[in-house]
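These are the residues of each chain, in order.
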Amino acid sequence: MSEDLRHSFGVSLVSGAFAGMLVDSVLFPLDTLKTRLQSQHGFWKSGGFLRVYRGLGSAMIVSAPNAAAFFSVYETVRLHGANFFGPKTSRNEIFLSMIGASFGEMAACSIRVPVEVIKQRAQSSNTPTKNLIREALQKEGFFGLYRGFFSTISRDIPFALIQLPLWEYLKQKIILYRHRAPSSLEACLCGSVAGFVAAVCTNPIDVAKTRIMLARNDSKYGRVNFFLVIRYVFEESGLRGLYFGATPRILFITLGGAIYLGGYDFSVRYLESLTRENRE
């Protein structure tokens, strides 16, 4: 591994960890409300507006390595991919962002899903987190912690395929029209727009993923595949059912896109400026 590649990987790793912890610590209550709105038990029975930070501990444990894994893989694929797809053009940059985002999400989901399962069950019940982990392992085994893995991949890869290339595209437009790199604030705004568009497009998938993760083996949602869950929700509640929790989720991701991608961009700039100062 070359020195430049090691530097790029390290910057992506640290900046991703910073961005993940930042966005989770700020926006966790909105995520809790979204989960409760999507729960088959109903919003109020799942806790309503009470204890909206329940499950934050498990989320914070995984937020740093999850985002670090995503961005380190994302940037590495983009850097290596340039060797296979010819000259650096706008179209190639977008294509590489799509490939990098897909691989990055697969790496991140291997870390994220077990914590997401426990976090969402904690958000929609009054059971202590350690008891939920014990119950999942006893009744469903180790792979019970990966309930909803394929539905999560099915949601997060399309989400990343929209958000990251759109973010890169918007930043390229700023470079084109302003003849300079986007500022950290502009990177935040680009991340917000990209997050909004991706959230609107993928909300039905998110509803199905939440139902699967909250389900036990003996429930209707625990015995069927991802596409049947979407069908059940549509039959029960129509198109409106596929957008349960849409408002807090879209708000969460719109703000989260600004904080997450803007925080990542800020951290990358800061670390690279430190490196340049050390070299000088």
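Given the structure is predicted, the values throughout are model-derived calculations rather than measurements. (Residues numbered from 1 in each chain as written. Predicted model: local features only at pLDDT ≥ 70, side-chain atom pairs only at ≥ 80, totals over all residues. Heavy atoms only, no water.)

Chemist: Whenever I open this one, the pattern of salt bridges confuses me. Can you help?
Modeler: It is possible for side chains bearing opposite charge to pair when their charged atoms get close. Scanning the model with the defined rule gives eleven salt bridges in all. Close ionic contact of Arg269 with Asp265 constitutes a salt bridge, the shortest N to O distance being 2.5 Å. Of this pair, Arg269 and Asp265 are both found in helix H8 (residues 246-279), four residues apart, which corresponds to roughly one turn of the helix. For Arg269, a relative accessible area of 31% gives the class partly exposed. Each of Glu75, Arg78, Glu93, Glu168 and Lys171 takes part in a single network of salt bridges with overlapping partners. (Salt bridge = Lys/Arg side-chain N within 4 Å of Asp/Glu carboxyl O. Helix = DSSP H or I, 4+ residues; strand = E, 2+ residues; numbered from the N terminus. Buried < 20%, exposed > 50% of the residue type's maximum accessible area, 1.4 Å probe, protein only.)

Chemist: Would you mind showing me how to read the environment of Ile111 here?
Modeler: For Ile111, the location among the structural elements is in helix H3 (residues 90-123). Look at Ile111 and you get partly exposed, because its relative accessible area is 29%. Those residues in contact with Ile111 that lie beyond four places of it in its chain are Val62, Pro65, Asn66 and Ala69. (Contact = heavy atoms within 4.5 Å.)

Chemist: Help me out: how do you make sense of the packing of aromatic side chains in this one?
Modeler: Geometry of an aromatic ring pair is reported as the spacing of the ring centres plus the angle between the planes. Under the definition given, this model contains nine aromatic pairs. Judged by centre distance (5.7 Å) and plane angle (10 degrees), the rings of Phe70 and Tyr74 are stacked. Of this pair, Phe70 and Tyr74 are both found in helix H2 (residues 56-81), four residues apart, which corresponds to roughly one turn of the helix. Owing to a relative accessible area of 3%, Phe70 belongs among the buried residues under this scheme. When the centroid spacing of 6.4 Å and the interplanar angle of 85 degrees are considered together, the rings of Phe71 and Tyr74 count as edge-to-face. Highlighted residues: Phe71 and Tyr74, both in helix H2, separated by three residues, approximately one helical turn. Grouping aromatic residues by their ring pairs yields a cluster made of Phe70, Phe71, Tyr74, Tyr260 and Tyr264. The ring of Trp167 carries Lys171 above its face, with NZ or CZ at 3.6 Å from the centroid. (Phe/Tyr/Trp six-rings, centres within 6.5 Å; stacked < 30°, edge-to-face > 60°. Lys NZ or Arg CZ within 6 Å of the ring centre and 35° of its normal.)

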